[in-house]
Amino acid sequence: MSLAAPSPTRSIALDAIPDLALRLRAGFGSGRTRPAAFRLEQLGRLRALLTENSDALEHALAADLRKPDPEGYATDIGFTIGEIDLARKGLRRWMKPRRVPTPLKVRPAQSRVVPEPLGVVLIIAPWNYPVQLALAPLAAAIAAGNAALVKPSEVTPHVAAALGELLPRYLDPECFAVALGGVPETQALLAERWDHIFYTGNGRVGRIVMAAAAKHLTPVTLELGGKSPCLVDAECDLDIAARRIVWGKFLNCGQTCVAPDYILVDASRESELIERMVHHLRAFYGEDPQRSPDLARIVNEQHVDRLAKLLESGTTVVGGHVDRADRYIAPTILRDVSPDSPVMQDEIFGPILPVLPVANLDEAIAFVNARPKPLALYVFSSREATKDAVVARTSAGGVCINATLWHLSNPNLPFGGVGESGIGAYHGRSGFDVFSHQKSVLEKSTRMDPSIGYPPYTKWKKALIKRFV
């Protein structure tokens, strides 16, 4: 089964949304999503969707974001296949009830924790990694035994159209569905009752999602973002640091929720770090990055306009060129940046990298801690004491030492934010857990039924209760 390069399709009718939600609820209520065999079959079909249509999905990613094929495959398609493979391998083990100790006062009894699906879940995906961030949460929801509705981002219409056509062809349509559309359709979806809402995007919309979920007391997972700092110590391999920072920052043209948002570098190494980053930037994308086939584009003109306003926040070391018609902003490094400048206020989400010097590690940590907790924090250092201090004295969704982005690639590490950068975490087993309810079960034996716990409460019963309870 394959798909030709897709074209945008129509949004779901608003009046069809309640019936769609009811259909999914009936599918879940039938019990068909619960058996391990069904979950494994649907995960296999989801994997086949990706492998059999990888070329079409890469074309869609190129049409929406001009992603280079290797980048689109690695970050959107291959990444998601890895998540599916891990879920298929671990599913039966993850589903098993877990025995837990039973205290003496409750015996004779046995206690266990039973993972059960939450029900019908809504997954709202963003546009920056539109395949991965729609289908990796879906894989986790399937593994946990749920029915699910996926809402792709309308900002990447070619990928949305591809998912809208492919998912119903591969997955059980009574239990899984896709809803295409924009803000009105998303608002209509949020008005329905769901058993869990999984949203990836920015904090402003995250607050809207959370407010809508509160009307039904629906639990949420919010994968947000924030300004992820990168700390560069005086003692580190500066060339490797520069190379890995440039790669992590300008991948997907900076439109990555965990991209290094700004650098705090020891003042004694600022000029050298900038020099090495410029070198690696040119090594990656050439003297004219606009001509490079390996650099993606800004998703639309509105985001080009937003980013262009940030270019005046400091002195441009390299880059700064804007071509609105091409949705191009040159990979840009800024220095002489004030902490109060526009580029330091909100997540940049584009190819602009401010560099701020600091006197020492304490100043860098204080700078980070004075701001909302980030989704990711990076530190480059050859000193164990520095690495330990950053991990111990800061709070972030995740920390990556002497690298950028790679902590996402280990599915054994839960991925999620803290504070304003998000609620909840997923990937690997954590994804199964976030879409599961851990149900407590205690079973008492009927072979013994001592009277100590029943009235009347005699003096000796009171003494025993006080001793053992």
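All figures in this text were calculated on a predicted structure; none of them were measured in a lab. (Residues numbered from 1 in each chain as written. Predicted model: local features only at pLDDT ≥ 70, side-chain atom pairs only at ≥ 80, totals over all residues. Heavy atoms only, no water.)

Here we come to the environment of Ala37. Structurally, the position occupied by Ala37 is in helix H2 (residues 36-52). With 278 residues separating them in the primary sequence, Ala37 and Thr315 have C-alpha atoms 59 Å apart. (Helix = DSSP H or I, 4+ residues; strand = E, 2+ residues; numbered from the N terminus.)

Here we come to the pairing of strand S13 (residues 332-335). Of the strand pairs in this sheet, strand S10 (residues 315-318) and S13 are connected by three bridges, and their pairing is antiparallel. Following the sheet pairing, Thr316 is matched in S13 by Leu334. Of the pairings in the sheet, the one linking S13 to strand S14 (residues 352-358) comprises three bridges and is parallel in character. Looking at the pairing, Thr332 lines up with Ile352 of S14. (Pairing = 2+ DSSP bridges.)

Turning next to the confidence of the model for the protein. Mean pLDDT over the protein works out to 96, with 98% of the residues at or above the 70 mark. When the criterion is pLDDT under 50, residues 1-8 qualifies, and its contacts beyond four places in sequence or with other chains add up to 25 contacts. (pLDDT = per-residue confidence, 0-100. Contact = heavy atoms within 4.5 Å.)

Applying the stated criterion across every chain, the model contains 24 salt bridges. Across the pair Arg393 and Asp362 runs a salt bridge, and its minimum N-O distance is 3.1 Å. Taken together, the positions of Arg393 in helix H13 (residues 384-393) and Asp362 in helix H12 (residues 361-369) put the pair 31 residues apart, joining distant regions of the chain. Classification of Asp362 as partly exposed rests on a relative accessible area of 47%. In this structure, Asp433 and Arg429 form a salt bridge, with 3.2 Å as the shortest nitrogen-oxygen distance. Taken together, the residues Asp433 and Arg429, both in helix H14 (residues 428-434) and four residues apart, mark about one turn of the helix. Owing to a relative accessible area of 29%, Asp433 belongs among the partly exposed residues under this scheme. Arg429 gets classed as partly exposed once you look at its relative accessible area, which sits at 36%. Each of Arg25, Arg193 and Asp195 takes part in salt bridges that share partners, so that together they form one network. (Salt bridge = Lys/Arg side-chain N within 4 Å of Asp/Glu carboxyl O. Buried < 20%, exposed > 50% of the residue type's maximum accessible area, 1.4 Å probe, protein only.)

Attention now goes to the packing of aromatic side chains. If you walk through the whole model with that rule in mind, you get nine aromatic pairs. Taking 4.8 Å as the distance between ring centres and 80 degrees as the angle between the ring planes, the aromatic pair formed by Phe198 and Tyr426 counts as edge-to-face. Here Tyr426 lies in strand S19 (residues 425-426) and Phe198 lies in strand S6 (residues 196-200), a separation of 228 residues in the sequence. This pair shows no difference in class: Phe198 is buried, exactly as Tyr426 is. These aromatic residues form a ring-pair network of at least three members: Phe198, Phe415, Tyr426 and Phe435. (Phe/Tyr/Trp six-rings, centres within 6.5 Å; stacked < 30°, edge-to-face > 60°.)

Attention now goes to the nonpolar core. In this structure, Leu46, Leu135, Leu138, Ile263 and Met277 are the most contacted members of the largest nonpolar core, which totals 115 residues. Those residues within four positions of Leu46 in sequence are excluded, and the remaining contacts are Ile84, Leu135, Leu138, Ala139, Ile142, Leu167 and Leu171. Counting residues in each nonpolar core, the second largest holds 26 residues, with Leu307, Leu310, Leu356 and Val358 among its members. (Core = buried A, V, L, I, M, F, W, Y, C linked by side-chain atoms within 4.5 Å.)

The end-to-end C-alpha distance of H2, which contains 17 residues, comes to 24 Å, matching closely the 24 Å that a straight helix rising 1.5 Å per residue would cover. Residues Ala36, Phe38, Arg39, Gln42, Leu43, Leu46, Ala48, Leu49 and Leu50 constitute the buried set of H2. (Expected span 1.5 Å × (residues − 1).)

With that settled, consider the sheet that holds S14. Strand order in the open sheet formed by seven strands is S10-S13-S14-S9-S8-S15-S16, and the pairing between neighbours is mixed. The strands lining the two open edges of the sheet, one partner per strand, are S10 and strand S16 (398-401). Recorded for the sheet is a direction-independent mean angle of 25 degrees between the axes of neighbouring strands. (Axes fitted to C-alpha atoms, helices over the stretch in contact; angles between N-to-C directions.)

Turning our attention to unusual backbone geometry. Cis peptide bonds are those with omega within 30 degrees of zero, and the linkage from Arg107 to Pro108 qualifies with 0 degrees. As for its placement among the helices and strands, Pro108 is situated in the loop between strand S1 (98-100) and strand S2 (109-117). The phi dihedral of Phe349 is positive, around 55 degrees, even though this residue is not glycine. Assignment of secondary structure puts Phe349 in the loop between S13 and S14.

What follows concerns the state of the cysteines. Tallying each qualifying case throughout the model produces zero disulfides. Free cysteine: Cys253, not disulfide-bonded; nearest cysteine sulfur from Cys257 at 16 Å. By relative accessible area, which is 1% here, Cys253 ends up buried. For the unlinked cysteine Cys257, the closest cysteine sulfur is that of Cys400, found at 13 Å. Of the residues examined, Cys257 reaches a relative accessible area of 14% and is grouped as buried. (Disulfide = S-S within 2.5 Å.)

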